[in-house]
Every structure is written in structure tokens, then in C-alpha cells.
Amino acid sequence: MKQQSKQQTIGLGLAGLGTVGSGVVIALERNADLISDRTGGNVRMAVEKVLVRDPAKPRPVTIDAAKLTTDWREVVDDPAVAIVVELIGGTDTAFEIVAAALKAGKPVVTGNKALLAERGVELFALSREHDTPIHFEAAVAGGIPIIKTVQESFVGNRIHSMIGIINGTSNYILERMTEAGLDFAEALREAQELGYAEADPALDVNGWDAAHKAILLASLAYGFAIDPERVHVAGIEQVRPTDIEFATRLGYVVKLLAVVREHPGGEVELRLQPSFIPKSHILASVHGVFNAVAVHGDAAGESLFYGRGAGQDPTASSVVGDLVEAARGLHSEHGHRGFLPYREDGRLMPVEDTSTAYYVRFDVTDRPGVIAQIAQLLADAGIGISGTHSPVDPESPDAEFVDMVFLLHSCPFGQLSRTLEKIEALDCINSAPVVFRIERL
Ligand code: NAP
Ligand code: HSE
């Protein structure tokens, strides 16, 4: 028979009532009974204080006006608040909120990958110092429980690699450009309307949102602090319809790929860039806002984690999961849940040393000998060409300015970059060459 015990209310301080914050309120209401049962029975989560920028803004959820504030201290300091949920984004005010909550011994739940990738080492140290947990499942891959997988389920594995698609907005944009022929700006607008994009969508399209997530995954897997400035990041803003058409013709799809891989000497490769991947590979079937991370552990072998990587409900799912965990742990002695460096010798592999094949697009002034000039510089550098193509516009076959595409054999990125600098200096080259990796997965 079910034990009857006194009802307990756990007060939440919610910083942010945007896409994800509203989703959390909705999910907590919708599944209140379920959450209560799964938190030990008779436990209710009650939103006590909510931080917003504009209290007058219409919202999809109803919150008592007295609970709204524009002063974050009122959220953290409210004695009725036992757990602080940070969902405002950014790295300044968010840092202050999380730091103050940890110092006050209030567990934190956050979905803020930028904050944790940039300042996680400081916050996780505070978390340990104050024996107060910080949960961040929503920070990587939306509704996919990849943080718990790396932190807990795979903790007994040596992780060889984690390769994946971890920005829903970019994947959505690439898909809409490929399938519906939308231009970049239209596709981005749709992603924003659907609640997938960051408040600053530049982070999605310049690759940094995915890079922040990859940094978190790599820190958890390899145990050393990673300086974001040392990570090679390129986003989808440079992808043109011509690249997508070319990839399709060759049997590839263009994806923004995160590659995290440990090399035999212990160096960790970590890079983010648009990549050609074979159409037959499972990651090529990750469509729209979906994300997927292929984790290769020495014991578990290859596992693929797939699901919705952004949006209100999937992200709220991860936040609420963390809230239940935080509520269960309120009286536990083992608070700290984050990442603390444990490896002194951990080091990132310089991106110059990483090798793949490449697709390079040049914007050239078309005249006799252009291909030969480019090919000569590649040959001088010992870089093999596996194909070259210049799409001809049937309307203007004598166009002066054209895109010229080269497919190059595998070589270290540094060797390619040095050669591209020389090619860019040629009179016939009009702008910096665009480089995508061709991944053999
Ligand atoms: P959002 O829709 O822009 O909502 C941000 C909320 O925070 C708004 O309610 C805003 O107030 C409030 N806010 C922002 N800065 C503030 C400040 N300085 N003081 C007071 N209130 C402030 O953002 P979101 O999409 O919900 O994302 C929130 C966090 O979750 C971010 O860290 C994001 O990276 C992360 N995340 C988002 C997704 C997703 O799919 N959207 C997925 C995973 C993780 P007003 O409403 O009054 O403007
Ligand atoms: N803007 C992010 C994305 C939200 O599109 O993946 C999820 O972290």
C-alpha cells in the first residue's frame, strides 16, 4: 500500500521565461503528478520567483505578477527558492546568478552551454567548494540525455570519439536549403520562429553554439579544461546552394559536424565545421532539428544517441529531468555534479595537424590558365586533386566571375591552409577560399 506522507513543496527560482523557461512551466504543470510520484511521492515543485527582462510581455504561461522580477537577486535570495533554474542565456548575468546560487547552497539547473564552456571551470569549482550541484543536461543536444550518458553511463569507458550533429538550428537550415530550396535568411527565420535558435542566432550559424557543446562533452570525457580560443570553429554561414548541389551530385550531404577524437598519443582532436559526409552514413539521415551523437567507448563500442536537439518541449524535458534529480538530491551528501579537471597532461591537438580530404570552393575571375595556376600550387605542396569542377550558368556561359570547386586528397589542415594562402594571393582569386572537410566516418 502507498505510504501517506506529508506533502513537501520544493520552491523553484526561474531565471528566464522565454522559449525554454515557459516550456519548463508547462511541463511541470502537465506532469505534476508523475513528477511528484517519481520524486518520492507527495513532492510538488512550485515556481516561486521568475526573472524576466520585461514583466509586461505577453507569455504563453500565466505567472502571478507578484512573482515576476527584473532583479536576479530576488530570485536567488528568496527563502522560498530551494533550486535555481538559469535559462536566460549569456555569460555575464547568468554567471552571477549561478555563482550566487551555488554560494547560497542552492542547487542549479541550467541549459547554458556558452556559460559552462566559457566559465564552467570557475563554476564547477564553486559547486565543489559549496558542495552544491549544478545540473546541465539541457546544455547539450536538447532532449537527448548525452550529459548523463558521458558522466554516468559511460563513466567506465575510455571514450575514443564523439562525433555528431549538435546544433539543431544549423541542421534545420541546411535541410531547408537542400530540400525546399530556401535561401539562408529564410531558413534561419523559420528556425527562430520555431524556438530553435539562440537569442543571438550568430552563435548558431557561426558554429560557436555547437563548439560550446563539444567543449563540454570533451571536458567530461577527457578530464582537462579546454580553452575555447584554441578550438577550430567554422559555421554554416559560408555554405552556398552551389556547395549543397555539388555535395548531392557526389553522393554526400553537408552537415555541421562536431568531431571529438582521442589520438593514440593522448592528444584530443576537437573541431567544428561544415563537412561533406557520405549519404549512406547514418548521420546523413539526421534531419531538421534532430541531433545525433555517435559515441565510441572502448567497452561499449559504438552507440548512437538521437533525438530533438532544440525547441521548447525537448529542452524542457532535460531541464525537468535535472530538476527531479536536484530535488531527489537536496538532502544528499554528494552535491557536486559538474566537471573538475583531473588530467594535468591533457592537451588539444593543433588543428593544423588534423587530416581529412577537403572540398574547396574558389571565387575566381575566369580566364585561361586559372585551373592550371591553382593546380600547380597544390602540386608544389604535395596535395593531390581528386576532382575539379566549375558549374556553368547556361544563361551566361562566358561569365567573368565563377565558382571553381576542387576536391582534394587527405592532408594535414596546416599544409592545406598554407597552400590556400598562396592561392588566395593569385590575381585571379577574388575572396578567401571556402573549405569544407570530407569526413570518412
Ligand atoms: P529566450 O527565449 O531568449 O529566453 C530568455 C529569457 O531570459 C527571456 O524570458 C528573457 O526575458 C530573460 N532574460 C534574458 N536576459 C535577461 C536579463 N539580463 N535579465 C532578466 N531576464 C533576462 O531563450 P531560450 O531559447 O529560452 O534559451 C534560454 C537558455 O537555454 C539559453 O542559455 C540557451 O542557450 C539554452 N537552450 C535553449 C534551447 C532552445 O531550443 N531554445 C535549447 C537548449 C538550451 P524577456 O522574456 O522579458 O525578454
Ligand atoms: N540553438 C540551439 C540549437 C539550441 O539550435 O541547437 C539547443 O542547444
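Since this is a predicted model, take the numbers as computed values, not measurements.

Criteria and cut-off values
- Here the residue numbering is sequential within each chain, running from 1 through the sequence in written order.
- A letter from A marks each chain and a number from 1 marks each ligand, given out in the order of writing.
- Only residues with pLDDT of 70 or above have their local features reported here, since the model is predicted, and side-chain atom pairs are shown and tallied only from 80 upward, although totals for entire chains, interfaces and linings are computed over all residues.
- For the side-chain quantities, the full set of heavy atoms in the structure was used; hydrogens and water were omitted.
- Each domain span listed reflects an automatic or database assignment of domains.
- When two parts are put together, the accessible area they lose, computed with a 1.4 Å probe and summed over both, is reported as buried area.
- What counts as a salt bridge is simple: a side-chain nitrogen of Lys or Arg found within 4 Å of a carboxyl oxygen of Asp or Glu.
- The rule for pairing is simple: two strands pair if DSSP sees at least two bridges between them.
- Only DSSP runs of H or I reaching four residues or more are called helices, and only runs of E reaching two or more are called strands; each is numbered from the N terminus.
- Near, as used in this document, describes a residue that has one of its heavy atoms within 4 Å of the molecule or strand being considered.
- For this analysis, a polar contact is any N or O atom pair within 3.5 Å, provided that within protein one partner can donate a hydrogen and the other can accept it, and provided that sequence-adjacent residues contribute only side-chain to side-chain pairs.
- For every accessible area listed, the method is Shrake-Rupley and the probe measures 1.4 Å; residues are considered covered only by the protein chains on display.
- The cut-offs for exposure are 20% and 50% of the maximum accessible area for each residue type, with area from a 1.4 Å probe on protein chains only; residues under the lower value are buried, those over the upper are exposed, and the others partly exposed.
- When checking whether two residues touch, look at their non-hydrogen atoms; a contact exists if any pair is within 4.5 Å.

## Here we look at the domain arrangement of the protein
Consideration 1: Here the protein is partitioned into domain 1 (8–142 + 313–329), domain 2 (146–309) and domain 3 (352–438).
Consideration 2: One C-alpha centre belongs to domain 1, the other to domain 2; they are set 26 Å apart.
Consideration 3: Taking both sides of the interface into account, the surface hidden between domain 1 and domain 2 amounts to around 1,600 Å²; carbon and sulfur atoms contribute 66%.
Consideration 4: Its salt-bridge partner being Lys148, residue Glu325 comes within 3.5 Å of it at the nearest N-O pair.

## Description of the sheet that holds strand β3 (residues 68–69)
Consideration 1: Spatially, the six strands line up as an open sheet ordered β3-β2-β1-β4-β5-β6, and their pairing is parallel. The two strands at the open ends of the sheet, each matched to only one other strand, are β3 and β6 (134–135).
Consideration 2: With three bridges joining them, strand β4 (residues 83–86) and strand β5 (residues 108–110) adopt parallel strand pairing. Its bridge partner being in β5, Glu86 is matched across the sheet by Thr110.

## A closer look at the site of ligand 2
Consideration 1: Around ligand 2 sit Lys113, Asn167, Gly168, Thr169, Tyr196, Ala197, Glu198, Asp204, Asp209, Lys213, Gly309 and Ala310, and that is every residue in its neighbourhood.
Consideration 2: Take Gly168: an N or O atom from its main chain is 2.8 Å from an oxygen atom of ligand 2.
Consideration 3: Within the side chain of Thr169, a nitrogen or oxygen atom sits 2.6 Å from an oxygen atom of ligand 2.
Consideration 4: Across the complex, the protein chains shield 95% of the 260 Å² of accessible surface that ligand 2 would expose by itself.
Consideration 5: Those elements that place two or more of their residues in the shell around ligand 2 are α7 (168–179) and α10 (208–222).

## Topic: the side chain of Ser170
Consideration 1: In this fold, Ser170 is placed in helix α7.
Consideration 2: For Ser170, a relative accessible area of 0% corresponds to the buried category.
Consideration 3: Among the polar contacts listed, one links the side chain of Ser170 to the backbone oxygen of Asp204, at a separation of 3.1 Å.
Consideration 4: Sequence-distant contacts of Ser170, that is, excluding residues within four places in its chain, are made with Asp204, Ile236 and Leu256.

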